[in-house]
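# Structural overview
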Amino acid sequence: MVELGIKVKDLNFRWANGDFVIKSCSLEIPKGELWMLLGTNGSGKSTLLRLLAGLLAPESGYIQVLHPVGFVFQNPDHQLVMPTVGADVAFGLVEEKLPITIVRARVQEALKEVNLLSLQKRPIYGLSGGQKQRIAIAGALARQCKLLLLDEPTALLDPDSQIQLVKSVRQLVDKQEITALWVTHRLDELDYCDGAFLLEKGLLVDRGEPKRLKKRLMRLRE
Ligand SMILES: Nc1ncnc2c1ncn2[C@@H]1O[C@H](COP(=O)(O)OP(=O)(O)OP(=O)(O)O)[C@@H](O)[C@H]1O
């Protein structure tokens, strides 16, 4: 039997007094795979990610995900809270009250994984958007996350940094057997994933082979 990183069954969610924004959603992602979540603005992608992360509670349905969960937001400035790179990556570990020797080792290892070890002592202020996103990912790696949820992590990046980021997440997924779900509007990113979902008005209307979904969406956008 395939081991799963995410299993969701008949999930329903609505905001207080509102209509359902996630409707009878069922999906599975095998452990160690990178899947993408597509859909027009307001279709419910961020809401679904927040439900998976446990940041929102569903009205009904079943969610099973691997832990710990790492979350990467569209705008890293909403996520990075400490003044320097090293302190930010260490933040979650200090919260867990881990011994300082372990914190140091995990921070170094995580920064090495995202190619930012040389910036460990640098202030976050002044770094590029792509570097900041990699710091957010390093924070999740330092916490030894098994599931990575990324909400349009490349939305604010230029095309070069965009492709660099998706390639590095692809490599991390392969190397560390992390499961990842990546929300995007950018169809070129589909070249790096194992599968994709299409959400429309809270309903999963398509799923599967990224090449096929890419063609379908390219036709829709013509
Ligand atoms: N805090 C909130 N309270 C009430 N309604 C909300 C809240 N956040 C989002 N919504 C509504 O929920 C629906 C789904 O929003 P969501 O942000 O999940 O969509 P999305 O697919 O991520 O959109 P985008 O691509 O623009 O980020 C939208 O109608 C949105 O207006």
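Per an unreviewed UniProt entry, the recorded name for the protein chain is ABC transporter ATP-binding protein, and the organism is Richelia intracellularis HH01.

If you check UniProt for "domain: ABC transporter" (unreviewed entry), the listed places come out as residues 6–220 in our numbering. Within residues 6–220, the helical portion is 36% and the strand portion 27%, while the C-alpha atoms at the span's ends are 28 Å from each other.

The local shell around the ligand consists of W15, V21, G39, N41, G42, S43, G44, K45, S46 and T47. Sorting elements by how many residues they give to the shell around the ligand places helix 1 (residues 45–53) first, with 3 residues. Residue composition of the shell around the ligand, grouped by class: 2 nonpolar, 7 polar and 1 charged.

Let's shift gears to the pairing of strand 1 (residues 4–14). Relative to strand 2 (residues 20–30), strand 1 is paired through 7 bridges, and the arrangement is antiparallel. Opposite L4, over in strand 2, you have P30 as the bridge partner. With antiparallel pairing between neighbouring strands as the criterion, strand 1 and strand 2 make up a hairpin whose turn holds 5 residues, including N17 at a positive phi of roughly 65°. Examined bridge by bridge, strand 1 and strand 4 (residues 60–65) share 5 bridges and lie antiparallel to one another. For V8, the partnering residue across the bridge sits in strand 4 and is I63.

All right, on to unusual backbone geometry then. H67 connects to P68 through a cis peptide bond whose omega is -5°. Its place among the elements puts P68 in the loop between strand 4 and strand 5 (69–72). Of note, the phi angle at E177 is positive, near 55°, even though the residue is not glycine. In this fold, E177 is placed in the loop between helix 5 (159–176) and strand 7 (179–183). The partly exposed category is assigned to E177, around which 14 C-beta atoms lie within 10 Å.

Cut-offs applied
- Residues numbered from 1 in each chain as written.
- Predicted model: local features only at pLDDT ≥ 70, side-chain atom pairs only at ≥ 80, totals over all residues.
- UniProt positions renumbered as here; feature names shortened; annotations may be inferred.
- Helix = DSSP H or I, 4+ residues; strand = E, 2+ residues; numbered from the N terminus.
- Near = placed C-beta within 6 Å.
- Nonpolar A, V, L, I, M, F, W, Y, C, P; charged D, E, K, R; others polar.
- Pairing = 2+ DSSP bridges.
- Buried ≥ 20, exposed ≤ 12 C-beta atoms within 10 Å, placed from the backbone.

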